[in-house]
Amino acid sequence: GVTEGQEPEDSSSAGIPLCVDLDGTLIRSDLLYEGLARLSRERFFLLIQAPFWLSRGKAGFKREVANRVALEPSSLPYDERLIEFLRREKSRGRRLVLVTASDVRWAEQVAAHLELFDEVMGSDGSTNLAGETKARALVERFGDKGFDYAGNGATDRPVWKKARRAIAVNAPPAIESELRQDGNLWESFPLAPVTLKTLVKAIRVRHWVKNLLVFIPIVTAHKLQDVGILAAGVLAFMAISFCASSIYLVNDLLDLDSDRVHPDKRGRPLASGSLPIPLAGILSLILMAAGLAISLKLPPDAVKLIGVYLIATTAYSFSLKRRVLIDVFTLSSLYTLRVLLGGAATGLLLSPWFLAFSVFTFLSLAFCKRGSELVRLKKADAMGAPGRAYLTRDHLTVQTCGITSAYMAAIVLALYLQSDTVRRFYASPAWLWLLVPVFLYWISRIWVLVNRGVMHEDPVLFATGDRITYLTVLISAAVLLLATFGPFHLPGVQP
């Protein structure tokens, strides 16, 4: 923190309590939004009653949510800068008071977890302890100018006016400037702004690479030089990407607790608190609206598939991802749906053989995603994954299903290469047989890496940064060129 006040640090402060706000100050989030997110995940249909809870006022609404949702204080995104500051003040003999507009039941759980606070004040179901109400309560308890106060926003202005000294935590620059002008700003812990990098990470732009699957029908139909078809493919790509990012934000809201105990996912913007929950909600709605608006420029069948995608991914986020095997089959179908979307958007119909190859390949990759997670958990001696229904002892079953699906895909690929649909596009189609061992090598290597525990939990993202994957793509491209323009057939193979 940056010391702003003129009063020296001495023993006189020991008798002045330090009052600390919770939402946006002690934690980089808001307990009410956290509670509503958990309620959406655990008891979604109860939200229908939410408008009736509001009739009891803000404090009554918070109490209704608190009565129905269990808080996980250990996983909340605390502001460690402030925690360290409070520990120092506590060691100097300061009395620390947690005073919040959140329901007092939740506040007491947070205080019990941190073991820092001597007293807790919060909303009690009838009184919403915020703004002027909080200021009056603290003056009654400690007297005018009889306490220091750490807060973060505009609702804390009345409290700071009654406080001896102000501590600004994650406050907007304008509010911090006001406190400086008032002359009682003692400590400042600046707000980390929501940057473009944070937004890009939150909407998972890296995952848009999966949506390139919409171009597969264009590639297999040899229509890359058709500008109109390519334009339709680009529109389909943008529509599915915006819709996917919208659902990623919803998914992260529902997975706050499990993400915060995950070694990698804890750094996600929502889990870490670097992206406010209300902003994430607004961003999700904007992205969905943009995706749907773009999809309306596509043929009706493509719009229907976008709708199916939104329904399926929403169901996955709320429920299906916590159901054994159903989650894997849902993931694989969503990959296949992207390919179907490309066909519907461009009018290029897919061969049933290619569709079958896609289903088995994506099913194997979906099992990869679960298998890599189970290997990591097994190494950590964990029983299962938070927010998932799998146990570590399911690893062998998951691996068997995944490898079997991969080799079935290879068989379908071999049969697909003999179809008239394929043969009419190539002068020397026998060369295409080389794609089978190339695919088998790639998918087998993926599973070896999964079993070794070195695979990224999302195999598609792993492939985008894997040199061997790029090499197999180059080899496959060379095979396709030979099949298209080769002056001779593959020796020893029937043309």
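This one's a predicted model, so the numbers in the text were calculated from it and none came from an experiment.

Cut-offs applied
Residues numbered from 1 in each chain as written. Predicted model: local features only at pLDDT ≥ 70, side-chain atom pairs only at ≥ 80, totals over all residues. Heavy atoms only, no water. Helix = DSSP H or I, 4+ residues; strand = E, 2+ residues; numbered from the N terminus. Expected span 1.5 Å × (residues − 1). Buried < 20%, exposed > 50% of the residue type's maximum accessible area, 1.4 Å probe, protein only. Arc of directions from axis to C-beta. Contact = heavy atoms within 4.5 Å. Salt bridge = Lys/Arg side-chain N within 4 Å of Asp/Glu carboxyl O. Pairing = 2+ DSSP bridges. Axes fitted to C-alpha atoms, helices over the stretch in contact; angles between N-to-C directions. pLDDT = per-residue confidence, 0-100. Polar contact = N/O pair within 3.5 Å; in protein donor to acceptor, adjacent residues only side chain to side chain.

K.L.:
Before we go on, may I ask you to explain helix H14 (residues 277-295) in this structure?
P.N.:
Since the α-helix advances by 3.6 residues per turn, residues separated by three or four positions end up pointing in the same direction. The end-to-end C-alpha distance of H14, which contains 19 residues, comes to 27 Å, matching closely the 27 Å that a straight helix rising 1.5 Å per residue would cover. By the burial criterion, the buried members of H14 are Ile-277, Ala-280, Leu-283, Ser-284, Leu-287, Gly-291, Ile-294 and Ser-295. For H14, the buried positions fall inside an angular range of 110° around the axis, keeping them on one side. Counted as exposed and oriented over 90 degrees from the buried face of H14: Leu-285 and Ile-286. Those residues of H14 that are buried are in contact with helix H1 (31-42), helix H9 (196-202), helix H11 (227-254), helix H12 (256-260), helix H13 (269-272) and helix H15 (300-318).

K.L.:
What is the right way to read the pattern of salt bridges from this model?
P.N.:
Two side chains bearing opposite charge may form a pair once their charged atoms approach each other closely. What the rule picks out here adds up to 30 salt bridges. Lys-321 serves as the salt-bridge partner of Asp-255, at 2.8 Å between the closest nitrogen and oxygen. Pair noted here: Asp-255 is in the loop between H11 and H12 and Lys-321 is in the loop between H15 and helix H16 (326-346), with a separation of 66 residues, a long-range link. On the basis of relative accessible area, Asp-255 is assigned to the buried category, the value being 5%.

K.L.:
What exactly am I supposed to notice about the environment of Val-303 here?
P.N.:
Tracing the backbone through its elements, the reader meets Val-303 in helix H15. For Val-303, a relative accessible area of 26% corresponds to the partly exposed category. In this structure the C-alpha to C-alpha distance between Val-303 and Leu-341, which are 38 residues apart in sequence, comes to 8.7 Å. Setting aside its immediate chain neighbours within four residues, Val-303 contacts Ser-295, Leu-296 and Leu-298.

K.L.:
Would you explain the sheet that holds strand S1 (residues 18-20) in this entry?
P.N.:
The pairing of strands in a sheet comes from backbone hydrogen bonds and takes either a parallel or an antiparallel form. Strand order in this open sheet of six strands is S3-S2-S1-S4-S5-S6, and the pairing throughout is parallel. The two strands at the open ends of the sheet, each matched to only one other strand, are strand S3 (119-123) and strand S6 (185-189). For this sheet, the mean angle separating the axes of adjacent strands, direction not counted, is 20°. Across four bridges, the pairing between strand S5 (residues 165-169) and S6 is parallel. Within S6, the residue paired with Ile-167 across the bridge is Glu-187. Here helix H8 (residues 173-182) sits on the sheet and contacts S5 and S6; the angle it forms with S6, its principal contact strand, is near 160°.

K.L.:
Mind showing me how you'd approach the confidence of the model for the protein chain here?
P.N.:
Should pLDDT be low for a region, the predicted coordinates there are not to be read in detail. When the pLDDT values of the protein chain are averaged, the result is 90; 95% of them are 70 or greater. Predicted confidence in the protein chain is weakest over helix H19 (residues 420-423), with a mean pLDDT of 76, and strongest over S1, with 97. Confidence drops under a pLDDT of 50 for residues 1-11, and excluding neighbours within four residues, the segment shows 20 contacts in the predicted structure.

K.L.:
Help me understand the side chain of Ser-245, please; the structure alone is not making it clear to me.
P.N.:
Mapped onto the elements, Ser-245 comes out in helix H11. For Ser-245, a relative accessible area of 0% corresponds to the buried category. A polar atom in the side chain of Ser-245 sits 2.8 Å from the side chain of Trp-208. What Ser-245 contacts, discounting residues up to four positions off in sequence, is Ile-203, Trp-208 and Leu-287.

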